[in-house]
Structure formats: C-alpha cells, structure tokens
Amino acid sequence: MGAAMRRIQAGNALTAFGIGFTVPFLYIYVAQVRGLGSMAATSAFVAFALGALVALPFTGRVIDRRGPVPVVIGAAVAASVGALSLGLSTGIVPILLSALALGAGQAVMQPALATMIVWCSTPSTRTRAFALQFFMQNLGLGIGGLVGGQIVDESRPASFTLLFGIEAVMFLVLAAVIATVRMPQVAGLKDAMPQKDGAQAGGGWKRMLQHKAMVQLCVLGFVLFFACYGQFESGLAAFGTEAAGITPSTLGFALAANTGAIVVAQFVVLRLVEKRRRSRVIALVGLIWTVAWVIAGFSGLGHGSAVMAAGAFVTTYALFGIGEAMLSPTLAPLVADLAPEGSVGQYNSAFALVKQMALALGPLGVPLGAGIPMLYIGVFVAVSLGIAGLALRLGRQLSPVQDNPSLSRVVAQGGPAVGAAPAGVVASEPAHA
C-alpha cells in the first residue's frame, strides 16, 4: 500500500470515528435535549437525506473535471461547519440548515474518496483496497459510538455540543490529511484519470443511462441498500420491538453484532471472494440475507423464549454483516471497472445517489414491520431472492474481467486474454449495449 492510499484510509477511518460519535444520538439530541419533539427530530433526518440527494447529482462532473482531492476538502469543510453549527443550534430552523450542510458534505465525500481509491489502485488491488476502506469505516463507527455513549448526558446539553465539536474536528483532520495526498499520474491509471477536456469528461448522465450494465448495477444496488441498510434502524427495528418483543438493549447488541461480524469476517471473506465472479458473490449475498430474514421471522413467531427470540434477532444482524463484508470488495470496484475513461467520479456519484435514495425510502417498511410483521418478513425474503436473480442477470452484461478481475493478472503475466478488448481499447471499459 502506497503512502497516498495509507493517508486516504487513515482519513476515512478518522471521519468514521467522528460520525460514530453523533449518528446514534441525533434523535435524542433534537427531540429531547433541545426539547423540539419527535417531529423535529424526524425533520432533521429528512433534511440530512435531502442535503445528500440535492448535492450528489452534481458531484460526479465536478470530480471528473477538477479531481477528487478538492472535492473531498470542500465537502469536509462543509460537513465540519454543519456538525459544529448543529451542536450549537437550539431552534428548529438552524438545526435543519445544519443537517442539510452536514448531509450534503458527508454524501459528497463518499464518491470523491472512492474515486481517490480508484486512482491509487489497480484492477488487481482495488478489491482489497475497498475491503480495507469498509473495515476501517465500521471499526471507526463502532469505536466512535462506544466512546460517544460514555460522553453524552441528556441532562447536559454541553456534552452533545462536545460530541458534535469532535465530529467537526475529525472532518477538518480529513481535509488536512487529504490535502497532503499526491495522486499518482501513471499510464496504468488511464481508465481512472479524468480527461483534460472537461466538457467531454464523464459524458454526463445521458451516457451513463445508456450503459445497460451500469443501469442494472444501480437497480441491483438500490434493492440491496433498501433491503439491508434501509431496514436496519427503521423497519427491522420496528419489527423486532413490536413483533418479537426485542428490548432496546437487545437492539443495541444486534447492531454491535452487525459491526462485529464485519470487523471479524472482512478479510476472511475477502480471501474467499476476490478470485470469484462478482455477480455470483452478490447472488450468494442475496441467499445469505434470505436466511437472515427467515431467522428474523422466527424471532417474531413467539413460539420460543425471549432469549431464543433475542438470539435469533442478533443472528439476523450478524448475517447481514457477513453479507456486507462480501459486498464491500465487490460493488465499489465493479462501479470503477464499469466506468469509461474520465467518468469514474460520475459513476461513483450515481451509485452513491442510488444508495441515498434507498436509505431515504427505507422507513417505508416501518408500518409493515410494526403492523403486519409476517407479511413484512415475506416481502423481504422475496426481495432477497430477487437480489440473487438480479445479480446473475447482471453477470451476463459483464465482460469476463469485469466479473472476475483476477483474470487481469493472468493477462498481465502472459496468459490468454480471456474476453480481452480490441487493440486500442482500455480493458476495463465496458462494451455499451
């Protein structure tokens, strides 16, 4: 791992640590500490998501024209201002404006950092680089949440101000670290570097929407994020507390089990998936999540003891974590490998936008999870099986190297070029259908 990659990964971990300080406590802070009620807290979450949805459609073109470094720095400063002002705000209007800035800044950082990782990696090292990023993110979030929980005190608003202040500092640390990164300028990165002609870089949304493999990946990504991340703190939590009788403390253990499964399994899983076809790895995740939803359904049947229900619920979250560990070295590198020359930022931003949309719509599962729990489980069992089908269908749109990047090492070592592109065409550039 080069110096640039080490700094990117370190900055990413510190930022996750800062975010972990505040995310679990945002609802309590707005609703109870500032005394604004549940509707105001919900509005803050909406503003957070809205900031991301407004900023991301414009992010990709800026990354491809100006490079990811200034975008990360600008987004980090905006997020820092949003976090600090959120910690100092007492009224609903300043809280909503602060949440908008914080949401936009955090959302823009994601595709910009992903693009930096692409620039600093090769197709053969990209899988491991993104796995490390996901590992560091979850480790930072887990430690941040643990430490933050020891600091906050609902009777002392200043303790929450301190938390948001620490988060603001972490964003500034990220900006400072990224400012020292010197991006590589080598021929091997031709597929990832932006063209000098900004008007042509990226080709815009129209070009991307004509790319069948990318469109299918975005559809698959939306379903993945909606069925997993979109349900963690909304529909699945409602199902657990209402149907399975799960206590808040057990829900906390379940979330910890999810993070723990990712941290423990990430690099074990990596060895199993990095030489296998990406489409089949994603399909396997769909099957694992199918089992997870079935186990969640068992926890809500009421046939066993409270301990058995709690164990089943915690197991559900742990299985989701194993699936996430399999996706982290698969989805982001695939987005990068699908992107034509000069469009990595555009493709990363589009995929980040898909994720934000899925997260924003995730709470739609709450009424079903709380009111008709077994139908809720049945729907997401079917959705998880659908993930497996969509993944296998996507595999038919991918070139052999895009689906299994380990084949590129065979070519590099003088082996047969399976599915190689014609002369003069970058191997990682997809054939548009």
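It should be emphasised that the depicted structure is a prediction, and the values quoted were computed from it without experimental measurement.

## Quick word on the overall build of the protein chain
Thinking step 1. Counting secondary structure elements, the protein chain contains 20 helices and zero strands.
Thinking step 2. A buried classification covers 52% of the 433 residues belonging to the protein chain.
Thinking step 3. At a minimum sequence separation of 6, the contacts of the protein chain that also span at least 24 residues come to 86%.
Thinking step 4. Carbon and sulfur atoms provide 69% of the accessible area of the protein chain, an area that totals close to 17800 Å².

## Some points on the confidence of the model for the protein chain
Thinking step 1. Scored by pLDDT, the protein chain comes out at a mean of 83, with 88% of its residues at no less than 70.
Thinking step 2. Predicted confidence is poor over residues 186-202, with pLDDT under 50, and the contacts of this stretch with residues over four places away or in other chains come to 37 contacts.
Thinking step 3. Every residue in residues 410-433 scores below 50 in pLDDT, and together they form 34 contacts with partners more than four places removed in sequence or on other chains.

## A look at the pattern of salt bridges
Between side chains of opposite charge, a pair can form as their charged atoms come close.
Thinking step 1. Scanning the entire structure with this criterion turns up five salt bridges.
Thinking step 2. Between Arg128 and Glu274 there is a salt bridge whose closest N-O contact spans 3.0 Å. Remark: Glu274 occurs in the loop between helix 12 (248-273) and helix 13 (278-299) and Arg128 occurs in helix 6 (residues 126-151); sequence separation between them is 146 residues.
Thinking step 3. The partner of Asp153 in a salt bridge is Arg156, and the shortest N-O contact between them spans 3.6 Å.

## Let's talk about the packing of helix 9 (residues 212-227) against helix 18 (residues 373-395)
Thinking step 1. The geometry of helix 9 relative to helix 18 is characterised by a closest axis approach of 10 Å and an angle of 160 degrees between their N-to-C directions. As summarised for this structure, helix 9 and helix 18 are arranged roughly antiparallel, according to the angle between their axes. In this structure, the crossing between helix 9 and helix 18 has a hand that is left-handed. Contact with helix 9, carried on its side by Ala213, Gln216, Leu217, Leu220, Val223, Leu224, Phe226 and Ala227, involves Phe380, Val383, Ile387, Leu390, Ala391, Arg393 and Leu394 of helix 18 and no other residues of that element.

## Some thoughts on the nonpolar core
One recurring pattern in soluble globular proteins is that nonpolar side chains are buried together.
Thinking step 1. In terms of nonpolar packing, the biggest core is built from 109 residues, with Met116, Ile178, Met214, Leu217, Leu236 and Trp289 touching the most fellow members.
Thinking step 2. The element that contributes the greatest number of residues to this core is helix 5 (residues 92-119), accounting for twelve residues.
Thinking step 3. In contact with Ile178, other than residues within four places in its own chain, are Ile8, Val69, Val72, Ile73, Leu113 and Met116.
Thinking step 4. Ala52, Leu56, Ala352 and Leu353 belong to the second largest nonpolar core, which has five residues in total.

## Details of the side chain of Arg126
Thinking step 1. Following the sequence through the fold, Arg126 ends up in helix 6.
Thinking step 2. Accessibility expressed as a relative area gives 0% for Arg126, which makes it buried.
Thinking step 3. Here the side chain of Arg126 touches Ser121 through a polar contact of 3.2 Å, side chain to side chain.
Thinking step 4. At 2.7 Å, the side chain of Arg126 forms a polar contact with the side chain of Asp337.

## Some points on the environment of Glu324
Thinking step 1. Inspection of the secondary structure assignment puts Glu324 in helix 14 (residues 306-327).
Thinking step 2. For the pair Glu324 and Tyr229, spaced 95 residues apart in sequence, the C-alpha to C-alpha distance is 9.5 Å.
Thinking step 3. When sequence neighbours within four positions are dropped, the list of residues in contact with Glu324 reads Phe134, Cys228, Tyr229, Phe232, Asn258, Ile262 and Trp289.

## What to know about helix 4 (residues 68-88)
Thinking step 1. Between its first and last C-alpha atoms helix 4 spans 30 Å; for 21 residues at 1.5 Å apiece the expected length is 30 Å, and the two agree.
Thinking step 2. When helix 4 is considered as a whole, its buried residues turn out to be Pro68, Val69, Val71, Val72, Ala75, Ala76, Ala79, Ser80, Gly82, Ala83, Leu86 and Gly87.
Thinking step 3. Where helix 4 is buried, its residues meet helix 2 (26-33), helix 3 (37-66), helix 5 and helix 7 (157-179).

## Quick notes on the packing of helix 2 against helix 7
Thinking step 1. At a minimum axis distance of 11 Å, the contact between helix 2 and helix 7 shows a crossing angle of 145 degrees. In this structure, the crossing between helix 2 and helix 7 has a hand that is left-handed. The residues of helix 7 that touch helix 2, namely those facing Leu26, Ile28, Tyr29 and Val33, are Pro157, Phe160 and Phe164.
Thinking step 2. Across the contact of helix 2 with helix 7, the residue classes break down as seven nonpolar, no polar and no charged.

## A look at the packing of aromatic side chains
Thinking step 1. Inspection of every chain in the model, using the stated rule, returns 14 aromatic pairs.
Thinking step 2. On the basis of an interplanar angle of 5 degrees and a centroid distance of 6.2 Å, the ring pair of Phe222 and Phe226 is categorised as stacked. Taken as a pair, Phe222 and Phe226 lie in helix 9 at a separation of four residues, close to a single helical turn.
Thinking step 3. Clustering of aromatic rings is evident, with ring pairs tying together Phe222, Phe226, Phe239, Trp289, Trp293, Phe320, Tyr376 and Phe380.
Thinking step 4. Across from the ring centre of Tyr229, 5.0 Å away, lies the NZ or CZ of Lys355, which sits over that ring.

## Let's talk about the environment of Gln266
Thinking step 1. Relative to the elements of secondary structure, Gln266 occurs in helix 12.
Thinking step 2. With 131 residues separating them in the primary sequence, Gln266 and Phe135 have C-alpha atoms 6.6 Å apart.
Thinking step 3. Beyond its immediate stretch of four places on either side in the chain, Gln266 contacts Ala131, Phe134, Phe135, Ala261, Ala325, Ser328 and Pro329.

## Topic: a nonpolar patch on the surface
Thinking step 1. A contiguous nonpolar patch, built from Leu50, Val54, Ile92, Val93, Leu97 and Leu100 and spanning about 500 Å² of accessible area, is present on the exposed surface.
Thinking step 2. Listing elements by their share of the nonpolar patch, those giving two or more residues are helix 3 and helix 5.
Thinking step 3. With four residues, the single largest contributor to the nonpolar patch is helix 5.
Thinking step 4. Looking at the secondary structure, you find Leu97 in helix 5.

What counts as what
- Residues numbered from 1 in each chain as written.
- Predicted model: local features only at pLDDT ≥ 70, side-chain atom pairs only at ≥ 80, totals over all residues.
- Heavy atoms only, no water.
- Helix = DSSP H or I, 4+ residues; strand = E, 2+ residues; numbered from the N terminus.
- Buried < 20%, exposed > 50% of the residue type's maximum accessible area, 1.4 Å probe, protein only.
- Contact = heavy atoms within 4.5 Å.
- Areas by Shrake-Rupley, 256 points an atom, 1.4 Å probe, with all protein chains shown as cover.
- pLDDT = per-residue confidence, 0-100.
- Salt bridge = Lys/Arg side-chain N within 4 Å of Asp/Glu carboxyl O.
- Axes fitted to C-alpha atoms, helices over the stretch in contact; angles between N-to-C directions.
- Parallel < 35°, antiparallel > 145°, perpendicular 65-115°, else oblique.
- Left-handed = near helix turned anticlockwise from the far one by under 90°.
- Core = buried A, V, L, I, M, F, W, Y, C linked by side-chain atoms within 4.5 Å.
- Polar contact = N/O pair within 3.5 Å; in protein donor to acceptor, adjacent residues only side chain to side chain.
- Expected span 1.5 Å × (residues − 1).
- Nonpolar A, V, L, I, M, F, W, Y, C, P; charged D, E, K, R; others polar.
- Phe/Tyr/Trp six-rings, centres within 6.5 Å; stacked < 30°, edge-to-face > 60°.
- Lys NZ or Arg CZ within 6 Å of the ring centre and 35° of its normal.
- Patch = residues over 30% accessible without salt bridge, like charges linked within 9 Å, V, L, I, M, F, W, Y side chains within 5 Å.

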